[in-house]
Amino acid sequence: MLADNLNEIKETIKLACTHAHRSETEVTLVAVTKSVDSEVAEQLAELGVEDFAENRVDKLLEKKAALKNYSSIKWHLIGNLQRRKVKLIINNIDYFHALDSLSLAEEIQKRAEKTISCFVEVNISAEESKHGLRKEKLKDFINQLSTMDKIRVVGLMTMAPLNADDDELHTFFSELKDAQTMVREMNLPYAPCTDLSMGMSNDFPIAVEEGATFVRVGRGLFRGA
């Protein structure tokens, strides 16, 4: 079942890339394993998946310990991170997908022993209930990171509203692509901003069509697992 789900998702990514005249090699599938135990996650590693994500610090550390023999795995923290937990996790991840405040950036700078690849979270739909920067504040925020050598802004991240229709999804994801282009064109060495983390199980094909380079899929991978 897991292998079938994985193949189906890869094929969907391929079709979306073809539709958008992109290469499927531009898109990284990030397996969100928060709903499954380490044994199921290991089955996915055996199938060749190398990017794993959790939204909680304790669960990521647990999964990483269980899968320590898979040295090629890259670990992504995709949930909001409390400053008091930065010291516990920041040196155990390869990507952080939810940088959304200067105070959090300062704590990462203080605690990190290596440069952390970060996605700045943008509240592109301007929902009051969502974390992330408003688009109009993004440029100033990026400029404020200039002295923090432990933070490398590799891209932007957003989460679309759960009830958005296809047209709205295209609009939200396209707006994030525009924002990513704006940051990239600032030509800052610490913020190359070449990537877009957007799209989950219910909307990743549209995200890929609009330029996603990382898609975060959980439920779609583990149906029936």
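A short tour of the structure in this document, coming up.

What counts as what
- Residues numbered from 1 in each chain as written.
- Predicted model: local features only at pLDDT ≥ 70, side-chain atom pairs only at ≥ 80, totals over all residues.
- Heavy atoms only, no water.
- 1 Å grid on protein atoms, 1.4 Å probe; cavity = no way out; pocket = protein on both sides within 12 Å on 5 of 7 lines; lining within 4 Å.
- Points joined across faces, edges and corners; volume = space filled by probe spheres on them.
- Nonpolar A, V, L, I, M, F, W, Y, C, P; charged D, E, K, R; others polar.
- Helix = DSSP H or I, 4+ residues; strand = E, 2+ residues; numbered from the N terminus.
- Salt bridge = Lys/Arg side-chain N within 4 Å of Asp/Glu carboxyl O.
- Buried < 20%, exposed > 50% of the residue type's maximum accessible area, 1.4 Å probe, protein only.
- Arc of directions from axis to C-beta.
- Contact = heavy atoms within 4.5 Å.
- Core = buried A, V, L, I, M, F, W, Y, C linked by side-chain atoms within 4.5 Å.
- Polar contact = N/O pair within 3.5 Å; in protein donor to acceptor, adjacent residues only side chain to side chain.

Quick word on the layout of surface pockets
For step 1, the next point in the chain: Considering only enclosed or pocket space, the largest pocket measures out at about 490 Å³ in volume.
For step 2, the next point in the chain: Val 32, Lys 34, Ile 78, Met 159 and Met 200 are, among the 21 residues lining the largest pocket, the residues nearest its centre.
For step 3, the next point in the chain: Residues of the lining of the largest pocket, tallied by class, amount to 8 nonpolar, 8 polar and 5 charged.
For step 4, the next point in the chain: Here the second largest pocket is characterised by a volume of approximately 310 Å³.
For step 5, the next point in the chain: Looking at the second largest pocket, it is lined by 13 residues, and the ones nearest its centre are Lys 10, Glu 24, Val 27, Thr 28 and Leu 29.
For step 6, the next point in the chain: Of all the elements in the fold, those that place two or more residues in the lining of the second largest pocket are helix H1 (2–19) and strand S1 (28–32).
For step 7, the next point in the chain: Taken together, the residues that form the lining of the second largest pocket break down as 5 nonpolar, 2 polar and 6 charged.

Quick notes on the pattern of salt bridges
For step 1, the next point in the chain: Taken as a whole and judged by the stated rule, the model has 10 salt bridges.
For step 2, the next point in the chain: A salt bridge links Asp 58 to Arg 56; its shortest N-O distance comes to 2.8 Å.
For step 3, the next point in the chain: Members of the salt-bridge network, linked through shared partners, are Glu 50, Asp 51 and Lys 74.

What to know about helix H5 (residues 102–111)
For step 1, the next point in the chain: Restricting attention to buried positions, one finds in H5 the residues Leu 104, Ala 105, Glu 107 and Ile 108. End-on, the buried residues of H5 take up no more than an arc of 160 degrees, which puts them together on one face.
For step 2, the next point in the chain: Buried residues along H5 sit against helix H4 (86–89), strand S4 (95–99), strand S5 (116–121) and strand S6 (151–157).

Re the nonpolar core
Nonpolar side chains in soluble globular proteins tend to end up buried together.
For step 1, the next point in the chain: If you look at the biggest cluster of nonpolar residues, it comprises 82 residues, and the most contacted ones within it are Phe 96, Leu 99, Ile 108 and Ile 142.
For step 2, the next point in the chain: Once residues within four sequence positions are removed from consideration, Leu 99 is found in contact with Leu 104, Ala 105, Ile 108, Cys 118, Phe 119, Val 120, Glu 121, Phe 141, Leu 145 and Ile 151.

Brief notes about the side chain of Glu 107
For step 1, the next point in the chain: Checked against the element boundaries, Glu 107 lands in helix H5.
For step 2, the next point in the chain: On the basis of relative accessibility, which here comes to 16%, the residue Glu 107 falls in the buried class.
For step 3, the next point in the chain: A polar contact is formed between the side chain of Glu 107 and the side chain of Arg 111, at a distance of 3.0 Å.
For step 4, the next point in the chain: Contacts of Glu 107, omitting those with residues within four sequence positions, involve Arg 83 and Val 86.

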